[in-house]
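Overview (structure and organization)
Residues per chain, in single letters:
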Amino acid sequence: MFKQKTIEQTKSAARKSGGNGSAAFYNNPNIRALFYQILLVLGLGYFFYSVISNVLANMEATGIKTGFSFLTASAGYDVLMSLIPFEATDTYGRIFIVGFLNTLLVSGIGIFFATLLGFVFGVAYFSHNWLVRKAATVYVETFRNIPLLLQVFFWYFAVLSTLPGARQSLSLGEAIFLNVRGLYLPKMVGSDLFWVAEVALGVAIAGIFVLRRWAKKRQELTGQPFPVLYASIAMVIGLPLLALIVTGMPFTVEYPALKGFNYFGGITVIPELMALAIALSVYTGSFIAEAVRAGVQSIPHGQTEAARSLGLKEKKIMSLIIVPQAMRVIVPLLNSEYQSLVKNSTLAAAIGYPDLFNVFVGTALNQTGQAIETIFMTIVVYFVVNMVISFLMNRFNNAVALVSR
Amino acid sequence: MRKKDILAITTLAATLTAGAASVQAATLDDVKSRGTLTCGVSTGLAGFSEKDENGKWSGLDVDVCRSVAAAVLGDADAVQYKPLTAKERFTALVSGEVDMLSRNTTWTHTRDTSLGINFAGTNFYDGASFMVMKDLGVSSALELDGANACIQAGTSTELAIADFFRQHGMSYKAVTFDTSDQTRQGFESGRCDFLTSDGSQLAALRVGLSNPANAVILPEVISKEPLGPVVRQGDDQWFNIVKWSLNAMIEAEEQGVTSANVDDKLANGNPANKRLLGGEGELGANLGLESNWAYNIVKQVGNYAESFDRNVGMDSPLKLERGLNASWKNGGIMYSQAMR
Ligand SMILES: N[C@@H](CCC(=O)N[C@@H](CS)C(=O)NCC(=O)O)C(=O)O
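Cut-offs used in this document
Residues numbered from 1 in each chain as written. Chains lettered and ligands numbered in written order. Predicted model: local features only at pLDDT ≥ 70, side-chain atom pairs only at ≥ 80, totals over all residues. Heavy atoms only, no water. Salt bridge = Lys/Arg side-chain N within 4 Å of Asp/Glu carboxyl O. Helix = DSSP H or I, 4+ residues; strand = E, 2+ residues; numbered from the N terminus. Buried < 20%, exposed > 50% of the residue type's maximum accessible area, 1.4 Å probe, protein only. UniProt positions renumbered as here; feature names shortened; annotations may be inferred. Near = heavy atom within 4 Å. Polar contact = N/O pair within 3.5 Å; in protein donor to acceptor, adjacent residues only side chain to side chain. 1 Å grid on protein atoms, 1.4 Å probe; cavity = no way out; pocket = protein on both sides within 12 Å on 5 of 7 lines; lining within 4 Å. Sits in = over half its atoms within 2 Å of the grid points. Nonpolar A, V, L, I, M, F, W, Y, C, P; charged D, E, K, R; others polar. Points joined across faces, edges and corners; volume = space filled by probe spheres on them. Contact = heavy atoms within 4.5 Å. Buried area = accessible area lost by both parts, 1.4 Å probe.

All chains considered together, the criterion is met by 18 salt bridges over all chains. Taking the shortest distance from any N to any O, the salt bridge between Asp 63 of chain B and Arg 66 of chain B comes out at 3.8 Å. With Asp 63 of chain B and Arg 66 of chain B both in helix H3 (residues 60-73) and three residues apart, the pair spans about one turn of that helix. Just as Asp 63 of chain B is buried, Arg 66 of chain B falls in that class too. Connected through shared salt-bridge partners, Glu 141, Arg 144, Glu 290 and Arg 293 of chain A make up one network.

Looking now at the UniProt feature "transmembrane region" (unreviewed entry) in chain A. Residue and element names in this part refer to chain A. Residues annotated by UniProt as "transmembrane region" (unreviewed entry) correspond here to residues 34-56, 68-86, 92-125, 146-163, 193-215, 227-251, 263-283 and 375-396. Note that residues 68-86 is 0% helix and 0% strand, and that its end C-alpha atoms are spaced 20 Å apart. Taken end to end, residues 227-251 has its terminal C-alpha atoms 33 Å apart, with 76% of it in helix and 4% in strand.

Below, the discussion takes up the site of the ligand. All names here are of chain B. Every one of the 22 residues lining the ligand counts as a neighbour, but Thr 43, Thr 106, Gln 152, Ser 156 and Asp 198 are closest to it. Here Arg 111 contributes a side-chain N or O atom positioned 2.9 Å from an oxygen atom of the ligand. Within the backbone of Ser 156, a nitrogen or oxygen atom sits 2.7 Å from an oxygen atom of the ligand. If you map the ligand onto the pockets, it falls in the largest cavity. When contributions to the shell around the ligand are tallied by element, the ones reaching two or more residues are strand E11 (194-198) and helix H8 (199-208). Tallied by class, residues from the shell around the ligand come to five nonpolar, 13 polar and four charged.

This brings us to the layout of surface pockets. Empty space within the largest pocket amounts to approximately 1,800 Å³. Elements supplying a minimum of two residues to the lining of the largest pocket: helix H3 (92-124), helix H6 (194-222), helix H7 (228-246), helix H10 (314-344) and helix H12 (371-400) of chain A. Of the residues that constitute the lining of the largest pocket, the class distribution is 20 nonpolar, three polar and seven charged. Size it by volume and the second largest pocket reaches roughly 910 Å³. Lining of the second largest pocket is provided by 36 residues; of these, Asp 78, Val 79 and Leu 80 of chain A together with Tyr 172 and Lys 173 of chain B occupy positions nearest its centre. Counted by class, the lining of the second largest pocket contains 20 nonpolar, nine polar and seven charged residues.

Further remarks concern the interface of chain B and chain A. Counting residues at the interface gives 53 residues for chain B and 51 residues for chain A. At the boundary of chain B with chain A, total buried surface from both sides reaches about 4,100 Å², with 55% on carbon and sulfur atoms. Viewed at the interface, chain A and chain B are joined by two salt bridges. Notably, a salt bridge pairs Arg 181 of chain A with Asp 193 of chain B, separated by 2.6 Å at the nearest N-O pair.

Residues and elements named next belong to chain B. All told, the structure shown has four cavities of 30 Å³ or more when counted by the stated rule. Approximately 220 Å³ is the volume attributed to the largest cavity. What lines the largest cavity is a set of 23 residues, among which Asn 104, Gln 152, Thr 155, Ser 197 and Gln 201 lie closest to the centre. Elements with a contribution of two residues or more to the lining of the largest cavity: strand E9 (147-152), helix H6 (156-167), helix H7 (180-189), E11 and H8. For the lining of the largest cavity, the leading source of residues is E11, giving four residues. Residue composition of the lining of the largest cavity, grouped by class: four nonpolar, 15 polar and four charged.

Below, the structure written as structure tokens:
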């Protein structure tokens, strides 16, 4: 702000003095400003250049390997979970991607459930039911005040580690299995015409947006509300189902089965992922609940009274009047909670979930000794992920911002 | 205002560039002026480096720290121990957080040549093995196809096991943990079918199980794991001190010098005894130490055999055989370079 002002002022000053034509070019404030800026950039460039070359020289002198060639070298160790095919002979570069995807996965799951928990308990604060209100307080006060690492350990060592062994798994209809090694779910394996159902799902999702628009218009015109939520759910389930029936169920179900030491087949959710995702969701959810409470409290009581006098039901007042306005307070807070969640996901190392920090700054750094390179790459990733979150949340914030008339 | 900023930045940059000279201070001087040696050890591994309820550290690896402190400071107790996980250890050493590592660390080519560290010898010849629960009914590592492995992150074991399974066309899943305690818990809870690590550590972890009799160590030894103390690269004097402190323990066993007879050997022993213990020659001075450097080691810590028996051998819960770690005079490969 301040800088801009001075530039504006100097500009106008320059314009005024320009008329004289007598001033030397080095007295021209514009040129001088430019000169100093160039000097600053050069100075900074030189600064970083010296620091980096200094560090590299020192590392060379102490016999530490430098450079990024290790990214194409074979890692030689295995990673517990990978969303893309991976084996021990793959490169450190691939490990980087594996870790990155695992970080995105646990952060995504965490953000989804933290938001859900946060909104449910945040709104529950204002319930007329004493028990519900108390539950919200207890939830927030408990989980917000226990260090996250402890919670991660709790879910992993105290809860999930006590599940029965692989050969004594709990099972649900011989299709879903739960044991100390994870949750095993059946998987749909599509054949020939399965794509029709996938397309149908896509259409259904796109349909939701169309439906919302249409319902909004209709309500504005006629005052008639439309149950968008239920219709959307029906659409997302119904359309693909219809497609499957019409195409004659073109899929088989792969059930997990015990072969030797472990269950194979189907989808495996490892306990490290479960524990970390639960801990992150529950912990961050308690902060989001506080944010939601703050947001709701920021709405003057007059709004509720006005809504009541219009004859709206309590539930509707919350969802139609209060929460949409409260979002202006909540969204910026959500932004920082989401960013913390992503950063907190690095606690993965404590229980061995193979997130980026664990497999890269942990194991890869240890095996290659290339601290500067691995840490630099990892910092950049977390920085970029958080920038993207910030960008999206700012867009969202603009969308919910008060439109002044 | 801006001019000043630029000036400050340029000066800072200039200073930093000038700082590109040698970063290696003499570790010996640091240790002497501090009065204590900081030694990186494990976070707790029976027989190797373990803290008792009084906060006192003991173990085969701890004895190497103690012998260096005895040689340098004349006091084996002048050690500050820094527990490090496998992942932390090299960074801690290279950054100067510890003066040396004595943390069951395998001497590998890659570590020696690319991490900026030097291995100062071998104080235990080991190899990676497997431990399973008896009720799994497995008697050979070759029956472990498709099994889950509990491994400590950042170890050479991670690499050894990947090789072994690939070589035999078998598959496995690696569940990695940060500390040996967590690794053991993972194994006990059934998260994995077997725990893999160096044989000596398996013996140590087995002792820590709630019921050691339930677990067995499989016969296969799948790798070479020579374990030894490590120092930063670039400080040759310190490298020599650590190397020869370990050698002094080994040499003392070869010469039959023990903590009990060391005074007698110094007074009435043969020339080799006297040279080792500082009665003759310049060995201490060549290291930049007092002449009684090795005397202090043997007197306060004991020779290698004493340390072995007390910490991991027959007088300990681990009950490990000397095996490869017997003195070369008794058919092992534990051998000190010539002490002259
Ligand atoms: N010798 C191997 C393995 C060393 C290692 O860390 N082993 C584990 C065995 S579970 C250990 O000693 N952990 C002790 C600790 O975490 O403090 C290496 O140098 O990488």
